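# Chain and residue survey
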Amino acid sequence: MGQALQKNNKPHHIAIIMDGNGRWAKKRGLPRAAGHKAGITNLRKIVEYCAAEQIEALTVYAFSSENWRRPDQEVSLLMELFISALNEQVDELHEHQVNIRFIGDLARFPQKLQDSITAAATLTNKNSGLHLRVAANYGGRWDITNAFKTIAGKISRGELELNDVDEAMIQQALTLSDLPEPDLFIRTGGEQRISNYLLWQMAYTEMYFSDTYWPDFSPECLAEACSWFESRQRRFGRTPEQLKQSERA
Ligand code: IPE
Ligand code: IPE
Ligand code: MG
């Protein structure tokens, strides 16, 4: 908890819901596909910015468990875009020391996409730069359900006592357990909801909502979100007076 009492510096781990691609395209009289392409171009810029700013981790929501409900054509287009973006960009990201992994139920994806995901993770596995996590077919409830199954499995095999289950153990069984918890959450596109994103991991995350559509959310917009974050007083349950006292000490 010591961290909570210090002055807020730049975030360690930024989690983003990249929303508004469709509306960005509509505003320009373009098909939704154009919005998704522009969204991927923008993600690349944001990744570069985070790497240059030495942000430890960036987790982006690329495809939610619920996005399968979209028209088949849009789902297939997104899959194609993910495959080509990964294949085209992985070598350069690797050169920049970016460490890439996907979180989510990947088994439902086309084999070609699963292969690209595995190749990217293997290639960049040892990189110590920006930890880029792409949430794909991800849902916070899926994540928690998985953790529950892992722990319940150990109990049923007699490897673990029910009374030994604690928050730290649950956290370890969830995705992103190797990273600091997200300290800054950003949702672009004007909606103010979590849409089944990192439900457990964002228990104490600062929430920033921007009306800007994702393809227009530039590194300057991200810098603005980071300065907003730096102005937050993270109290973690304490009173403002307690924080002042500990600053003086
Ligand atoms: C986010 O943009 C991208 C994905 C969900 C894949 P949207 O496609 O949700 O864009 P809007 O919300 O329709 O504008
Ligand atoms: C959430 O966006 C998921 C991603 C950005 C990938 P949506 O635009 O699908 O969210 P809802 O369903 O409208 O809340
Ligand atoms: Mg949307």
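Placed above this text is the structure.
Report follows, based on the coordinates. Please read all numbers here as calculations on a predicted model, not as lab measurements. (Residues numbered from 1 in each chain as written. Chains lettered and ligands numbered in written order. Predicted model: local features only at pLDDT ≥ 70, side-chain atom pairs only at ≥ 80, totals over all residues. Heavy atoms only, no water.)

### Overview of the site of ligand 1
- Around ligand 1, the neighbouring residues are Met18, Asp19, Gly20, Asn21, Gly22, Arg23, Arg32, His36, Ala62, Asn67, Arg70 and Leu78.
- Within the side chain of Arg70, one N or O atom sits 2.7 Å away from an oxygen atom of ligand 1.
- Protein coverage of the free-state accessible area of ligand 1, which is 380 Å², stands at 86%.
- Taken together, the elements giving at least two residues each to the shell around ligand 1 come down to α2 (21-27) and α3 (32-52).
- The element best represented in the shell around ligand 1 is α2, accounting for three residues.
- Class assignment of the residues belonging to the shell around ligand 1 gives a composition of three nonpolar, five polar and four charged. (Near = heavy atom within 4 Å. Polar contact = N/O pair within 3.5 Å; in protein donor to acceptor, adjacent residues only side chain to side chain. Areas by Shrake-Rupley, 256 points an atom, 1.4 Å probe, with all protein chains shown as cover. Helix = DSSP H or I, 4+ residues; strand = E, 2+ residues; numbered from the N terminus. Nonpolar A, V, L, I, M, F, W, Y, C, P; charged D, E, K, R; others polar.)

### Brief notes about the pairing of strand β1 (residues 13-17)
- Taken across its five residues, β1 has five buried, putting it largely inside the fold.
- Neither face of β1 is open: one carries His13, Ala15 and Ile17, the other Ile14 and Ile16, and all of them are buried.
- Examined bridge by bridge, β1 and strand β2 (residues 57-64) share five bridges and lie parallel to one another. Within β2, the residue paired with Ala15 across the bridge is Thr59.
- Bridging between β1 and strand β5 (residues 184-187) involves four bridges; their strand directions are parallel. Paired with Ile14 across the bridge in β5 is Leu184. (Buried < 20%, exposed > 50% of the residue type's maximum accessible area, 1.4 Å probe, protein only. Pairing = 2+ DSSP bridges.)

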